Amino acid sequence: MDKEKLIAPNQIGYLILKDDGSLLESGGDLKNDERSANVIMGLLNLTESIDEDFMPNSSCERITIDYDQHYYSICMSNRRIYVVKLSKTHTQNGATTSSSSSTSFNDAAEGNNIGSSSTVIA
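Rules behind the numbers
Residues numbered from 1 in each chain as written. Predicted model: local features only at pLDDT ≥ 70, side-chain atom pairs only at ≥ 80, totals over all residues. Heavy atoms only, no water. Helix = DSSP H or I, 4+ residues; strand = E, 2+ residues; numbered from the N terminus. Buried < 20%, exposed > 50% of the residue type's maximum accessible area, 1.4 Å probe, protein only. Contact = heavy atoms within 4.5 Å. Areas by Shrake-Rupley, 256 points an atom, 1.4 Å probe, with all protein chains shown as cover. Salt bridge = Lys/Arg side-chain N within 4 Å of Asp/Glu carboxyl O. pLDDT = per-residue confidence, 0-100. Core = buried A, V, L, I, M, F, W, Y, C linked by side-chain atoms within 4.5 Å. Pairing = 2+ DSSP bridges.

### A closer look at the overall build of the chain
Point 1. For the chain, the count of helices and strands is one helix and 10 strands.
Point 2. Across the chain, helices and strands are ordered from the amino to the carboxyl terminus as β-β-α-β-β-β-β-β-β-β-β.
Point 3. Residues counted as buried form 37% of the 122 residues belonging to the chain.
Point 4. Considering only contacts in the chain between residues 6 or more positions apart, those separated by 24 or more positions represent 45%.
Point 5. For the chain, the computed accessible surface area is about 7600 Å², with 45% contributed by carbon and sulfur atoms.

Here it is in structure tokens:
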């Protein structure tokens, strides 16, 4: 995987999408994965359609989709959607460790830090 796009040692894939869902960049397990991009866009559209009476101010900053072995962290900045697939365990110096699902993203092109809160969907 491209070292410039590696945001965490346990990263195993990424997607960068335009706000209309078109694929700009991808790598690792998500290389050219337009199906996942479409699923994620559907999820983002769903979050925007939540009834305001049910959940006031429901716009979220980051969505985390949690599985047994990995999770996806999704956030938006500068009209781009960043999707990172992270392994829950990774090997560092021969030892296997668990990772936290709290990750900050850095949009290197714009110098912006992305996301500080999360919504977990299991």
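### What about the pattern of salt bridges?
Point 1. Applying the stated criterion across every chain, the model contains three salt bridges.
Point 2. Between Asp29 and Lys85 there is a salt bridge, with the nearest N and O atoms lying 3.3 Å from each other. Of the two residues, Asp29 is situated in the loop between β2 (23-28) and α1 (34-48) and Lys85 in strand β5 (residues 80-87); the sequence distance between them amounts to 56 residues.
Point 3. Under the relative-accessibility criterion, Lys85 is labelled buried at 12%.
Point 4. When the shortest N-O distance is used, the salt bridge between Lys88 and Asp66 registers 2.6 Å. With Lys88 in the loop between β5 and β6 (89-92) and Asp66 in strand β3 (residues 62-66), this pair connects stretches of sequence that are 22 residues apart.
Point 5. Among the residues examined, Lys88 registers a relative accessible area of 23% and is labelled partly exposed.
Point 6. For Asp66, a relative accessible area of 32% corresponds to the partly exposed category.

### As for the confidence of the model for the chain
Point 1. Averaged over every residue, the pLDDT of the chain is 75; the share at 70 or more is 64%.
Point 2. When the elements of the chain are averaged for pLDDT, strand β10 (residues 119-121) gives the smallest value, 41, and strand β1 (residues 11-18) the largest, 95.
Point 3. Across residues 99-122 the pLDDT falls below 50, and counting only partners more than four positions away or on other chains, this stretch makes 59 contacts in the model.

### Digging into the nonpolar core
Point 1. If you look at the biggest cluster of nonpolar residues, it comprises 14 residues, and the most contacted ones within it are Leu15, Leu44, Ile74, Ile81 and Val83.
Point 2. Among the secondary structure elements, those contributing two or more residues to this core are β1, α1, β3, β4 (70-77) and β5.
Point 3. Among the elements that line this core, the one with the most residues is α1, at five residues.
Point 4. If sequence neighbours within four positions are ignored, Val83 has contacts with Gly13, Tyr14, Leu15, Leu30, Ile40, Tyr72, Ser73 and Ile74.

### Remarks on the pairing of β5
Point 1. Among the eight residues in β5, seven count as buried, and that is most of the element.
Point 2. The sheet contact formed by β1 and β5 spans seven bridges and is antiparallel. Across the sheet, Ile16 pairs through a bridge with Tyr82, a residue of β5.
Point 3. Both β4 and β5 contribute to a ladder of eight bridges, which runs antiparallel. Bridging across to β5, Ile74 finds its partner in Val83.
Point 4. Where β4 folds back on β5, the antiparallel hairpin that results is connected by two residues, among which Asn78 adopts a positive phi of roughly 50 degrees.

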